[in-house]
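The residues making up each chain are set out below.
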Amino acid sequence: MASPDARSVVVARGSLVLMAHGLSAVRPEQREECWIEIEGGTLTADDTMALLQHWTTGAPMAQGV
């Protein structure tokens, strides 16, 4: 999680699938500083990668995603 004095920069708004694919282009070691805000809450980078994996392969998702 970012520190309380860290700035938050909105990089994209729009379709969740497009934002998930965009996040996958970020180097894995930098993804922890990223998240996607959706109407129902916030998806962490790990949640987003699990969701993208599910969409592309049909693999089961972990609980809570």
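Scroll up to find the structure.
Cut-offs applied
Residues numbered from 1 in each chain as written. Predicted model: local features only at pLDDT ≥ 70, side-chain atom pairs only at ≥ 80, totals over all residues. Heavy atoms only, no water. Core = buried A, V, L, I, M, F, W, Y, C linked by side-chain atoms within 4.5 Å. Buried < 20%, exposed > 50% of the residue type's maximum accessible area, 1.4 Å probe, protein only. Helix = DSSP H or I, 4+ residues; strand = E, 2+ residues; numbered from the N terminus. Polar contact = N/O pair within 3.5 Å; in protein donor to acceptor, adjacent residues only side chain to side chain. Contact = heavy atoms within 4.5 Å. Salt bridge = Lys/Arg side-chain N within 4 Å of Asp/Glu carboxyl O.

**Some words on the nonpolar core**
- Formed by Met19, Ala20, Leu23, Ile36, Leu43, Ala45, Met49, Leu51 and Leu52, the largest nonpolar core amounts to nine residues.
- Only α1 (16-24) and α3 (45-57) provide two or more residues apiece to this core.

**Here we look at the side chain of threonine 48**
- Tracing the backbone through its elements, the reader meets threonine 48 in helix α3.
- Using a relative accessible area of 1% as the deciding quantity, one classes threonine 48 as buried.
- Side-chain polar atoms of threonine 48 contact the backbone oxygen of threonine 44, separated by 2.9 Å.
- Not counting chain neighbours up to four residues away, the residues in contact with threonine 48 comprise Ala20, Leu23, Ile36 and Leu43.

**A look at the pattern of salt bridges**
- In the structure shown here, the tally under the stated rule is one salt bridge.
- Among the salt bridges present, the one from arginine 27 reaches glutamate 29, with a minimum N-O distance of 3.4 Å.
- By relative accessible area, which is 57% here, glutamate 29 ends up exposed.

**Regarding the environment of methionine 61**
- In this fold, methionine 61 is placed in the segment after α3.
- Distance in space between the C-alpha atoms of methionine 61 and aspartate 47 is 9.1 Å, their sequence separation being 14 residues.
- Residues within four places of methionine 61 in sequence aside, it is in contact with Ala50, Leu51 and His54.

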